[in-house]
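Here are the chains, one letter per residue:
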Amino acid sequence: DAKTTQPTSMDCAEGRAANLPCNHSTISGNEYVYWYRQIHSQGPQYIIHGLKNNETNEMASLIITEDRKSSTLILPHATLRDTAVYYCIVRVRAGANNLFFGTGTRLTVIP
Amino acid sequence: GAVVSQHPSWVICKSGTSVKIECRSLDFQATTMFWYRQFPKQSLMLMATSNEGSKATYEQGVEKDKFLINHASLTLSTLTVTSAHPEDSSFYICSATGGDERLFFGSGTQLSVL
């Protein structure tokens, strides 16, 4: 699976949009971009995934660049409960494959 | 959404004893389950992959005789840490997939070996 690069940490004011970038310049044509987050001492939580098109669900939006070498996860109105480590992962869309977790971005939402 | 239940949430044991951690998929059949461990302020590291009815595949450096994995049914996988020692203290997490593109994770088990 392709390697991803994320900033180590970010801060965001409560109520503002949190934009978390991810670089995946070696992504293959059949690899999807997944985002998970892990709140302290809990298991990772699925947020969203996409291939080429931008995606939106009740939790977040995913913006993927046209060349697919980078993407941005957007939390439109960050709350204190969104404080977590956010992992950007690229993998082939095959359920039996593992997810490789990099170091992720530690997002701190500030009151 | 799909739910993966992991039990216990935390366990404290004496050195030399064995500890069993259960991972259950509650509303789907998990053809594949993964076991991870995570040290403080570090990312998840894959330990092994288990498919229902077959032997687990362990990652390099993970002792199969120490970390026994059983995936006897499509809804249950267990990880047994045998003869636990303080260096085995860690956060253990399971995940499961039913074959679609998403992995669902358990809530994790904090193991402390005294």
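You'll find the structure just up there.
Novice: Give a description of the pairing of strand β8 (residues 76–81) of chain B that names residues and reports values.
Specialist: On a regular strand, each side chain points to the face opposite its neighbour's, so the side chains alternate between the two faces of the sheet. Residue and element names in this part refer to chain B. Most of β8 sits out of view: 5 of its 6 residues are buried. The sheet contact formed by strand β7 (residues 67–73) and β8 spans 5 bridges and is antiparallel. Counted as the bridge partner of Asn70 is Thr78 from β8. A loop of 2 residues connects β7 with β8, the two strands running antiparallel in sequence.

Novice: So what about the state of the cysteines? Which residues, and what values?
Specialist: All chains considered together, the criterion is met by 2 disulfides over all chains. In this model, Cys22 of chain A is linked to Cys88 of chain A through a disulfide, with the two sulfur atoms separated by 2.1 Å. Here Cys22 of chain A and Cys88 of chain A share a disulfide; its torsion about the S-S bond, -80 degrees, makes the bridge left-handed. Here Cys22 of chain A, found in strand β2 (residues 18–23), pairs with Cys88 of chain A, found in strand β8 (residues 84–92); they are 66 residues apart in sequence, far enough to count as distant. Look at Cys22 of chain A and you get buried, because its relative accessible area is 1%. Classification of Cys88 of chain A by relative accessible area gives buried; the value is 1%. A sulfur-sulfur distance of 2.0 Å marks the disulfide that ties Cys23 of chain B to Cys94 of chain B. Given an S-S torsion of about 80 degrees, the disulfide between Cys23 of chain B and Cys94 of chain B has right-handed geometry. Of the two residues, Cys23 of chain B sits in strand β3 (residues 19–25) while Cys94 of chain B sits in strand β9 (residues 90–97), which places them 71 residues apart along the sequence. Each member of the pair, Cys23 of chain B together with Cys94 of chain B, is buried.

Novice: Describe the sheet that holds strand β1 (residues 4–7) of chain B, listing the residues and the values that go with them.
Specialist: All names here are of chain B. An order of β1-β3-β8-β7 is seen for the 4 strands of this open sheet, with the pairing classed as antiparallel. Whereas interior strands pair on both sides, the edge strands pair on one side only; in this sheet they are β1 and β7. Taking each pair of neighbouring strands and ignoring which way they run, the sheet shows an average axis angle of 15 degrees. The pairing of β3 with β8 spans 6 bridges and is classified as antiparallel. Bridge pairing links Cys23 to Ser77 in β8.

Rules used in this analysis
- In every chain, residue numbers begin from 1 and rise along the written sequence.
- All chains are assigned letters beginning with A, and all ligands numbers beginning with 1, in the order in which they are written.
- Only residues with pLDDT of 70 or above have their local features reported here, since the model is predicted, and side-chain atom pairs are shown and tallied only from 80 upward, although totals for entire chains, interfaces and linings are computed over all residues.
- In computing side-chain values, all of the structure's heavy atoms are included and hydrogens and water are not.
- Partly exposed residues are those whose accessible area sits between 20% and 50% of the maximum for their type, while under 20% is buried and over 50% is exposed, using a 1.4 Å probe and protein chains only.
- Segments assigned H or I by DSSP are reported as helices when at least four residues long, segments assigned E as strands when at least two residues long, and all are numbered from the N terminus.
- Strand pairing requires that DSSP identify at least two bridges connecting the strands.
- Disulfides are defined in this document as cysteine sulfur pairs within 2.5 Å.
- Fitting a line to C-alpha atoms yields each axis, with helices limited to the stretch in contact; the angle taken between N-to-C directions then spans 0 to 180 degrees.

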